Structures are given as C-alpha cells and as structure tokens.
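# Overview (structure and organization)
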Amino acid sequence: MRDEMRSSAIGISLLLAFGVWGAASATPHHLQFTDHAPSAMPPGDAARGADVYEGSCGGCHSLDANRIGPAHRGVVGRKAGTAPDFSYSPALRVSGVEWTPTNLDKWLTDPQGFVKGARMGFRLADAQRRADVIAYLAAEGGKKANSE
Amino acid sequence: MNGETIATRRSALRLGGVGLLSAGAVAVLGGCHTAMAAPQKTMAAGQSVNSGDVDILNVALGLEHEAIEAYQIGAESGLLQKPVLDVAVLFQGHHKGHRDALMSTIKMLGGVAVMPKMRDDYVKALNVAAIKSQMDILKLAQKLERGAANAYIGVIPSFKDTALAQVSARLAADETMHWTALTQALGEALPTGALTFGA
C-alpha cells in the first residue's frame, strides 16, 4: 500500500513536471503503455539478482529458452515483443516499448498496468529486488548462451 | 506469473456478453466441477469478464503444463527410485488437478485455454540433456516449484477478481508444499528467515 501510494505520488509529480502526459505528444495512439511507475531506481546488484531471477522469474522464464515466457538473455535494450520464436500478445508486440532498465522496472511493478493487454500479471513488489534482477539481466546480456 | 505467454489466445474471450461470475470459477478451482454444468449466477448484459484475469490464468496453465511434463520426463527417465518416484507421481497429480481446474475456469470465463507444447519443446527448454541423476531431477523440480510458488503469489495483486486472487494463494500453497518436500529430500536446510516466498 505504501509503495502504491509512493508510486502514485511520483506518477502525479511526473505528470505535473511534464504536463498532461500524452497530450500533443509524439506517442502514437496505438502504443498503450502507461508511464506511472517510479522512475528512480536503487542501484542493482547482479549477484543478488541471480537468486531473485531464479526464484521469482524462473517459474516461467529462462535466459536461453522460450518457456511460458520468452528467453531473457539480451532483453535489456531489446524492443518488446521481439524475442525470436516466441508468440507474444498483440499488445506487447505493438507496444513500441524498449526494454530500458527504467521500462523494465515499470513492467515488473505492474505489467498489465504498463502495457494494457499484456498477458503477464506477475509483479515484483520490492524496488530493490527489481533493480537487482534488472542488473542481473543486463550483466547476463553480454555473455554467451549457457549450453551446459 | 511471469511471462508474456504462449500461443493461443484471448481472441475468443467473450467481452460484454453474458459471462459467469467468479463464484462459479472459484467453485471449479475449489474442486466443485458441477459448477460448470450448473453455474449459479450470470453477469448482466454489458458486464464483462476481465480479460487480464483470463490471461493470467492462461499463463498459470502454461506453467502447469510444463510442470506435468517435467515430472513425466523425470518418471520416465529411470533415474527416480522409490519412494521418490511415488512422490513425483503424487506431485504430478497435483499439477494435473491444477491444470484441469484452470482449464475449466478459463473456459467458464469465456477464454480459450492454452494447450501443452510438444514434448521436445519441454526437453529443450528444461535442458533435460543435462540431467544425469535422481539428484538432478530433484533439483530441477525444486527450482520449478519455487518459481511456481512465487509466480502464483506475484500475480495476486493483478487479479481484478479477488476470488481468483485467493485461488492463486491456494495454488501457491501447493507449490510451496512441493518445494518443501523436495528441499528436504535433497537434504537441504529450510530457510532460517521468515517470509521467504513472494518477496
């Protein structure tokens, strides 16, 4: 609840800072993602993020295989909906979102709130854990696939 | 639940027509399958089943399909010995129960349930080639069950229907039970701290 209130407060602040979001902006109408999550992230720790990834993301995701969700290696910096051979929701495919650390933070905060029509509902509530897992994904992005 | 998911879709979702209220869905997930045949309540015209909830249930169903296949691969590997094999089959049965309940609920809500992938897809995705022992199978199962428990907890705040959120908690409890048994079978210590799951 406190996080939600803080998110809302920050979201309102952003709205005030940038004017009415979306009005007369360059954002095409069909891009249904919403800028309402915290923008200030704590520094992430990739080593801690490895455990967060296995425990919280590992039910559906792997770095190098499409499972219930798409493979994640290289996701940081990738355009949403473009992992090879994965069948995405139309909403995510046309979202226009680039997976910057900030956008990943927003996604993990509330995916269906960030991209309307997204299928993923999983939320990682803790900001530090989000930062850690994003740091892990960024660190793994440059490594070769694990073929064990 | 983690995952932009799977192939099939919500294109067939009935939005805005006559749908079933969550009481029926929860009855199915609670094991009362007669609720499917005789739903107790219907939505008034103009109300809609939340498509986001159906999407989340379908992601969960994909996870259950994978779990069932993982235990099947383990059972057929010849690496599991009694009584571990019996426990694996028991847990697979739980996942089949989850699958059946989720499929019924998705259909009841007007959605289209995702189907399992091909065996080869699971073999590749789960890196089955690396499994050489009973311990390897237990470690894989432990990892999947931990992820599943956290996935079910992590989707709770996203459900628009709070009854489905409660069901998600029940599913998480089953997965946590599996994780605990597997952790003890592996001879690993249980967490010393509280609130291990769902952080």
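Here, the structure is the one placed above.
Fair warning: this is a prediction, and the values are worked out from it, not measured in the lab. (Residues numbered from 1 in each chain as written. Chains lettered and ligands numbered in written order. Predicted model: local features only at pLDDT ≥ 70, side-chain atom pairs only at ≥ 80, totals over all residues. Heavy atoms only, no water.)

## A word on the overall build of chain B
Filter applied, for reference: Secondary structure elements follow DSSP: runs of H or I of four or more residues count as helices, runs of E of two or more count as strands, with numbering from the N terminus. In this scheme, a residue with accessible area under 20% of its type's maximum is buried, one over 50% is exposed, and one in between is partly exposed, where area comes from a 1.4 Å probe on protein chains only. We call two residues in contact when some of their heavy atoms are within 4.5 Å. Method for areas: the Shrake-Rupley scheme with a 1.4 Å probe, in which residue coverage is limited to the protein chains shown.
Looking only at helices and strands, chain B has 7 helices and 0 strands in total. The burial tally for chain B puts 48% of its 199 residues in the buried class. Long-range pairs, those at least 24 residues apart, make up 79% of the contacts in chain B with a sequence separation of at least 6. Surface exposure of chain B reaches about 8900 Å², of which carbon and sulfur atoms provide 59%.

## So, the overall build of chain A
Scanning chain A from N- to C-terminus turns up 6 helices and 0 strands. Going residue by residue from the N terminus, the α and β elements of chain A occur as α-α-α-α-α-α. A total of 148 residues make up chain A; the buried ones form 46% of that total. Intrachain contacts of chain A at a sequence separation of at least 6 include 52% that bridge at least 24 residues. In the structure as shown, chain A presents an accessible area of about 7200 Å², 58% of it carried by carbon and sulfur atoms.

## Digging into the pattern of salt bridges
Rules: We define a salt bridge as a contact between a side-chain nitrogen of Lys or Arg and a carboxyl oxygen of Asp or Glu at a distance within 4 Å.
Using the criterion set out here, one finds 13 salt bridges over all chains in the structure. Residue Lys82(B) pairs with Asp86(B) through a salt bridge whose shortest N-O separation is 2.8 Å. Given a relative accessible area of 62%, Lys82(B) falls into the exposed group. Across the salt bridge formed by Lys139(B) and Glu188(B), the nearest N and O atoms sit 2.8 Å from each other. Of the two residues, Lys139(B) sits in helix H6 (residues 134-154) while Glu188(B) sits in the segment after helix H7 (162-185), which places them 49 residues apart along the sequence. Each of Asp64(A), Arg73(A), Glu140(A) and Lys143(A) takes part in one network of salt bridges that share partners.

## Observations concerning the environment of Val112(B)
Among the secondary structure elements, Val112(B) is positioned in the loop between helix H4 (84-108) and helix H5 (119-125). With 58 residues separating them along the chain, Val112(B) and Val54(B) place their C-alpha atoms 8.7 Å apart.

## Observations concerning the environment of Leu164(B)
Residues and elements named next belong to chain B. With respect to the secondary-structure elements, Leu164 resides in helix H7. Among the residues examined, Leu164 registers a relative accessible area of 3% and is labelled buried. When the C-alpha positions of Leu164 and Leu57 are compared, they lie 9.0 Å apart, and in sequence the two are 107 residues distant.

That is the geometry; function is a separate question.
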